[in-house]
Number of protein chains: 2
Amino acid sequence: MADSFLPPSPLFLREAEVRRGIELLYFGYSSLIKRADDKLAGTPYGRAHHRALYFMARQPGLTVSELLRLLDITKQSLGRVLTDLQDNGLVEQKVGERDRRQRRLFLTEAGKTFEHELFDLLRRRMAEAYAEAGQQAVGGFWSVLRGLLPTDLREAVADLQQGD
Amino acid sequence: MADSFLPPSPLFLREAEVRRGIELLYFGYSSLIKRADDKLAGTPYGRAHHRALYFMARQPGLTVSELLRLLDITKQSLGRVLTDLQDNGLVEQKVGERDRRQRRLFLTEAGKTFEHELFDLLRRRMAEAYAEAGQQAVGGFWSVLRGLLPTDLREAVADLQQGD
DNA sequence: AAAAAAGAGTCAGCCATATTGACGCATCTT
DNA sequence: AAGATGCGTCAATATGGCTGACTCTTTTTT
């Protein structure tokens, strides 16, 4: 069944193993988000909106600049996306309490509902892959991916907190 | 050091674990290709060109329709990319021997050189992550990613052959 | 042999998402 | 009081996708 995906050999830095990893990472990522993309196609939103919604669900109350750092896009690009989501009542802002220059971002109830529908599509697929591969494999999956991140991103990802 | 990335618990299908996987997959993929993107920024080519070059290096002589299936884009989108690469002498076509409707795609020497420079950037980072995580983790990494692919893609990825 | 299907290329036009650089305003820090 | 920071917005541009239609060649089917 899985003969084409042999476990890595002791010489596991050879080109073939690296290419295999690149390809699985590329196709795995694409496959995961494909279902969400399909759902988004029936809405006025796109991937950029989804990513913003995702992190607002993940960390309610994060600031605009925190979101910019996570998405690694420019203020202008994010601005359009946030405007769309706010105009349609999926997202709302509150002025920061400690620092009133900051705008803290929250999903409205409608926003939470929509994000959760999208998340559920990802969850199903990811949960299937986790279950199929087994708990130990999941640890390896995390470990290798974590190794791909530069140090500052490792911290930023580790700091993400689940919102309610 | 890695306290924020605890190994998956027995209840490893809970939302937090799935979100962690989604995030690592997203940031891991982005981080991996970032260096190649930076190099591409100094050329007339972009990500789309890189992806096409990658698969032509991986499977020399693949046909246009095979490449279209792998990239999952339209003929028009690929057409522009291939035209650029052919006009600049990185790619050449040969009429298929068995089926003369087909156009088989090959990298020229210049194309091989350029692709290998890009690949090397990916290779370094991936090899570091493999080495840091260990051989067993790499097996888990592959296993989970493979589980994310639909059946037909699993076959297509398994069929990819390294060219010379 | 004729008809249908498949592989490839191309046209025109459109859309989503990203970019740079500059500027204004409110607020916090020094 | 001066400077730095957080945010929003302007205009212009690039990239890489898309649809739908049409042609040409070659292979397959009837």
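Per chain, residue numbering runs from 1 following the sequence as it is written. Chains and ligands are labelled sequentially in the order written, the chains with letters from A and the ligands with numbers from 1. At least 70 in pLDDT is required for a residue's local features to be given in this predicted model, at least 80 for side-chain atom pairs to be given and counted, and no such filter applies to totals for whole chains, interfaces and linings, which use all residues. To obtain the side-chain values, all non-hydrogen atoms of the structure were included, while hydrogens and water were left out.

**Q** How would you summarise the interface of chain A and chain B if you had to cite specific residues and measurements?
**A** As a measure of interface size, the accessible area lost when the parts come together is often cited. Residue contacts are defined here by distance: any two heavy atoms, one from each residue, within 4.5 Å place the two residues in contact. Every contact between the two is made by 73 residues of chain A and, on the other side, 73 residues of chain B. The term buried area refers to how much accessible surface (probe radius 1.4 Å) is lost by two components on association, counted for both of them together. Buried surface at the junction of chain A and chain B, summed over both partners, amounts to about 7400 Å²; 69% is from carbon and sulfur atoms. Broken down residue by residue, the surface that chain A buries against chain B is led by R19, F27 and W142 of chain A, which jointly contribute 10%. Salt bridges are counted wherever a side-chain nitrogen of Lys or Arg sits within 4 Å of a carboxyl oxygen of Asp or Glu. Viewed at the interface, chain B and chain A are joined by ten salt bridges. The residue D72 of chain A makes a salt bridge to K34 of chain B at a minimum N-O spacing of 3.6 Å. Counting of polar contacts relies on pairs of N or O atoms within 3.5 Å, with two restrictions inside protein: one atom must be capable of donating a hydrogen and the other of accepting it, and residues adjacent in sequence are counted only when both atoms are side-chain atoms. Linking chain A with chain B are 16 residue pairs in polar contact (both at pLDDT 80 or more). Counting from the N terminus, the helices are DSSP H or I runs at least four residues long and the strands are E runs at least two residues long. Mapped by element, the contributors of at least two residues to the side of chain A that touches chain B are α1 (15–40), α2 (47–58), α3 (64–71), α5 (109–133), α6 (135–148) and α7 (151–158) of chain A. A total of 18 residues in the side of chain A that touches chain B trace back to one element, the largest contributor, which is α1 of chain A. Under the scheme applied here, ten amino acids are nonpolar (Ala, Val, Leu, Ile, Met, Phe, Trp, Tyr, Cys and Pro), four are charged (Asp, Glu, Lys and Arg), and all others, including Gly, are polar. Classifying every residue of the side of chain A that touches chain B gives 44 nonpolar, 14 polar and 15 charged.

**Q** Please set out the protein's contact with DNA strand D residue by residue, giving values where relevant.
**A** Around DNA strand D sit 23 residues, and of these K75, Q76 and R101 of chain A together with R51 and R80 of chain B come closest. A distance of 2.7 Å separates a phosphate oxygen of DNA strand D from a polar atom in the backbone of R47 of chain B. Contacts to DNA strand D include R100 of chain B, whose backbone N or O atom sits 3.0 Å from a phosphate oxygen. Residue assignment for the surface near DNA strand D shows that the elements contributing at least two residues are α3 and α4 (75–87) of chain A together with α2 (47–58) and α4 (75–87) of chain B. Whether a residue is near a molecule or strand depends on its heavy atoms: it is near if one of them lies within 4 Å of it.

**Q** Give me the lowdown on the pattern of salt bridges, citing residues and values where you can.
**A** Counted according to the given criterion, the structure contains 30 salt bridges over all chains. A salt bridge links R101 of chain B to D99 of chain B; its shortest N-O distance comes to 2.9 Å. The network of salt bridges with common partners includes E15 and R19 of chain A together with E115, D120, R123 and R124 of chain B.

**Q** I'd like a description of α6 of chain A, backed by residues and values.
**A** Expected helix span is computed as 1.5 Å times (number of residues minus one). Compared with the 20 Å implied by 1.5 Å per residue over 14 residues, the 21 Å span of α6 of chain A between its first and last C-alpha is a close match. The buried label applies to any residue whose accessible area, calculated with a 1.4 Å probe on protein chains only, is under 20% of its type's maximum; exposed applies above 50%, and partly exposed to all values in between. Within α6 of chain A, ten of the 14 residues are buried, which leaves it mostly tucked inside the rest of the structure. The complete set of buried residues in α6 of chain A reads A137, V138, G140, F141, W142, V144, L145, R146, G147 and L148 of chain A. On its buried side, α6 of chain A packs onto α1, α5 and α7 of chain A together with α1 (15–40), α5 (109–133) and α6 (135–148) of chain B.

**Q** If you had to explain the confidence of the model for chain A to someone new, which residues and values would you point to?
**A** Across the chain, each position has a pLDDT score giving the predictor's confidence in that residue, from 0 to 100. Of the residues in chain A, 90% reach a pLDDT of 70 or more, and the chain-wide mean stands at 92. This stretch, residues 8–12 of chain A, has a pLDDT under 50; its non-local contacts, to residues over four places away or in other chains, come to 14 contacts.

**Q** For the packing of helix α3 (residues 64–71) of chain B against α4 of chain B, give the residues involved together with the corresponding values.
**A** Residues and elements named next belong to chain B. In contact at an axis separation of 10 Å, α3 and α4 are set at 115° when each is read in the N-to-C sense. With respect to their mutual orientation, α3 and α4 come out roughly perpendicular. As for the relative orientation of α3 and α4, their crossing is right-handed in sense. Of α4, the residues touching α3 (which contributes V64, L67, L68 and L71) are K75, L78 and L82. In terms of residue class, the contact of α3 with α4 is made up of six nonpolar, no polar and one charged. Only C-alpha atoms enter the line fits that serve as axes; for helices the fit covers just the stretch in contact. Angles between N-to-C directions range over 0 to 180 degrees. Every angle not falling under 35 degrees, over 145, or within 65 to 115 is termed oblique; those three ranges are roughly parallel, roughly antiparallel and roughly perpendicular. If you view the pair so one helix is near and one far, a crossing is left-handed when the near helix is turned anticlockwise from the far one by less than a right angle, and right-handed when it is turned clockwise.

**Q** Describe the relation of the copies chain A and chain B, listing the residues and the values that go with them.
**A** The operation relating chain A to chain B is a screw motion whose rotation component is 180°, with 0.0 Å of axial translation and a residual RMSD of 0.0 Å. Both copies of the chain, as the preceding transformation shows, are related through a two-fold rotation axis. Identified as the residue of chain A closest to the rotation axis by C-alpha distance is F141 of chain A, at 1.8 Å. Residue by residue, 100% of the interface of chain A is reproduced at the interface of chain B, so both copies engage with the same surface. To superpose the copies, least squares is applied to the C-alpha atoms of every residue with a pLDDT of at least 70 in both.

**Q** Residues and numbers for the protein's contact with DNA strand C, please.
**A** In the region of DNA strand C, 23 residues are neighbours, and R51, T74 and S77 of chain A together with K75 and Q76 of chain B sit closest. V64 of chain B is positioned with one of its backbone polar atoms (N or O) 3.3 Å from a phosphate oxygen of DNA strand C. Measuring from a base oxygen of DNA strand C, one finds a side-chain N or O atom of Q76 of chain B at 2.7 Å. Sort the elements by how many residues they give to the surface near DNA strand C and α2 of chain A lands first, with four residues. Taken together, the residues of the surface near DNA strand C sort by class into three nonpolar, ten polar and ten charged.

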